[in-house]
Amino acid sequence: YPSKIMLVGEYGVVLGGSALSIPFERFGAKVCSSRQIPKGKEAEAAGSFQALKELLGYIRQLPAGTFHAAPDLEQFESALNKYWLEMTIPLGYGLGSSGAVSAAVYDLFFPEARDLALPHQKEDLAAIESFFHGRSSGVDALTCFAGTPLHFYEDGTIEKVQFNPVRLPLGYRFFLLDSGHRFDTGPLVGHFLKQMEKQAFASSIRNEYLLFNRKLIDSLLGKTETDPGLLVRVLSDFQLTHFRKMIPSNMIDPWIEGQISNEYYLKLNGSGGGFILGITHHSSMKNLEERWREKLIWIE
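Predicted model, so just to flag it, every value in this text is computed and none were measured. (Residues numbered from 1 in each chain as written. Predicted model: local features only at pLDDT ≥ 70, side-chain atom pairs only at ≥ 80, totals over all residues. Heavy atoms only, no water.)

Asks: When you look at the sheet that holds strand β8 (residues 275-281) in this model, what are you seeing that I'm missing?
Replies: Paired through backbone hydrogen bonds, the strands of a sheet run either parallel or antiparallel to each other. The four strands lie next to each other as β7-β8-β6-β9, forming an open sheet whose pairing is antiparallel. The sheet is open, and its two borders are formed by β7 (264-268) and β9 (296-298), each paired with just one other strand. Ignoring strand direction, the axes of neighbouring strands in this sheet form an average angle of 30°. The sheet contact formed by β7 and β8 spans five bridges and is antiparallel. (Pairing = 2+ DSSP bridges. Helix = DSSP H or I, 4+ residues; strand = E, 2+ residues; numbered from the N terminus. Axes fitted to C-alpha atoms, helices over the stretch in contact; angles between N-to-C directions.)

The structure is reproduced here in structure tokens:
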């Protein structure tokens, strides 16, 4: 079950805004037999066993009718300690580690899951993933579950789309930049929702931020000829102003330097911290590789 990258829509999806997300195969969660735990992985396997046990208990206490696809809890319980999830997705880095776990559990223990429409799958996965964060949009987990790029519309429609991150309009490339700082999603989302109680902040989000997101998605999918780099620049400015708490302190200077030089632009990847998402023109790729070296990962 691959990790995910939400290219557009972080925080906006909490409000039902549009989003564009893609699976990212470089990292993932793999179902492994407890009979074959590699040396040195014992602690990770034990942690996986405990987390799955707690997740089963959480699903059991959810109200009847929560899921469109009924869980097979007996199968889930019988599988405990027989399997564990080997995780290569770094925790707290905005790549959907909890979404991948939710996708695996949904795929393995909800027999009718694959037969449902995408919106119903999203609702089921949101209920499962709420175990980890207290509240979930289901977007991350659905992307991990579907394993294909998804366009989420504001009216609730979800569409599988053709999207190649290596062939962006006008020669741009997305990348991840490692901040080295892990952030927890729950408190950051809580902070965002608290800010939404302020009229000025809420107005900026609904009237500006969500609009910028829609325009960037349309640009990336080739529906308009608007320069996607310039739209990321607009979002970069907005997030620096309104989402400063979500940006690791050591990323502020590189963030501003990109805006000044116009060589690249940075934006949040997920709720904040961990990897920062960036965009640059292919002509600047070599310069950024020399500057950031192993901290830089190209999205492909």
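Asks: Explanation requested: the pairing of strand β1 (residues 2-8) in the structure shown.
Replies: Looking along a regular strand, one sees the side chains alternate between the two faces of the sheet. Among the seven residues that make up β1, seven are buried, leaving the element largely enclosed by the rest of the structure. Inspection of the sheet shows β1 paired to strand β2 (residues 19-33) by six bridges, in the antiparallel sense. The residue bridging V8 from the neighbouring strand is L20, located in β2. (Buried < 20%, exposed > 50% of the residue type's maximum accessible area, 1.4 Å probe, protein only.)

Asks: Is there a simple way to explain a nonpolar patch on the surface in this structure?
Replies: A contiguous nonpolar surface patch, about 240 Å² in accessible area, is contributed by V31, Y83 and L108. Mapped onto the elements, L108 comes out in helix α3 (residues 97-109). (Patch = residues over 30% accessible without salt bridge, like charges linked within 9 Å, V, L, I, M, F, W, Y side chains within 5 Å. Areas by Shrake-Rupley, 256 points an atom, 1.4 Å probe, with all protein chains shown as cover. Salt bridge = Lys/Arg side-chain N within 4 Å of Asp/Glu carboxyl O.)

Asks: How do you make sense of the state of the cysteines when you look at a structure like this?
Replies: Between two cysteines, a covalent bond joining their sulfur atoms is known as a disulfide. Scanning all chains against the criterion turns up zero disulfides. No disulfide involves C144; its sulfur sits 17 Å from the nearest other cysteine sulfur, which is in C32. By relative accessible area, which is 1% here, C144 ends up buried. (Disulfide = S-S within 2.5 Å.)

Asks: Any chance you could explain the side chain of S21 here in plain terms?
Replies: With respect to the secondary-structure elements, S21 resides in strand β2. A distance of 2.6 Å separates a polar atom in the side chain of S21 from a polar atom in the side chain of T143. Dropping the residues within four chain positions of it, S21 is found in contact with I5, M6, L7, V139, T143, T148, P149, L150 and F152. (Polar contact = N/O pair within 3.5 Å; in protein donor to acceptor, adjacent residues only side chain to side chain. Contact = heavy atoms within 4.5 Å.)

Asks: Would you mind going over the side chain of H151 with me for this structure?
Replies: Note on placement: H151 falls in strand β4 (residues 150-152). For H151, a relative accessible area of 3% translates into the label buried. Setting aside residues up to four positions removed in sequence, H151 forms contacts with A19, L20, T157, I158, E159, V161, I217, L221 and K223.

Asks: Got a minute to help me understand helix α9 (residues 252-261) in this structure?
Replies: Since the α-helix packs 3.6 residues into each turn, any two residues three or four apart lie on the same face. Among all positions in α9, only I252, P254, W255, G258 and Q259 are buried. Once α9 ends, the next one or two residues include N262, with phi positive near 60°.

Asks: Help me understand the pattern of salt bridges, please; the structure alone is not making it clear to me.
Replies: Two side chains bearing opposite charge may form a pair once their charged atoms approach each other closely. By the definition in use, this model includes twelve salt bridges. Connected through shared salt-bridge partners, K41, E44 and E86 make up one network.

Asks: I would appreciate a short explanation of the packing of α3 against helix α4 (residues 118-133) in the present structure.
Replies: Two numbers describe a pair of packed helices, the interaxial angle and the distance between the axes. The geometry of α3 relative to α4 is characterised by a closest axis approach of 9 Å and an angle of 125° between their N-to-C directions. By the angle between their directions, the pair α3 and α4 is classed as oblique. For the element pair α3 and α4, the recorded crossing hand is right-handed. Between α3 and α4, the contacting residues are S98, G99, V101, S102, A103 and Y106 on the first element and H120, Q121, D124, L125, I128, E129, F132 and H133 on the second. Residue composition of the contact of α3 with α4, grouped by class: six nonpolar, six polar and two charged. (Parallel < 35°, antiparallel > 145°, perpendicular 65-115°, else oblique. Left-handed = near helix turned anticlockwise from the far one by under 90°. Nonpolar A, V, L, I, M, F, W, Y, C, P; charged D, E, K, R; others polar.)

Asks: I tried to follow the environment of G156 on my own but got confused; where do I start?
Replies: By the secondary structure assignment, G156 is in the loop between β4 and β5 (158-160). Residue G156 is classed as partly exposed on the basis of its relative accessible area, which comes to 39%. The sequence separation of G156 and P119 amounts to 37 residues, and the corresponding C-alpha distance is 7.1 Å.

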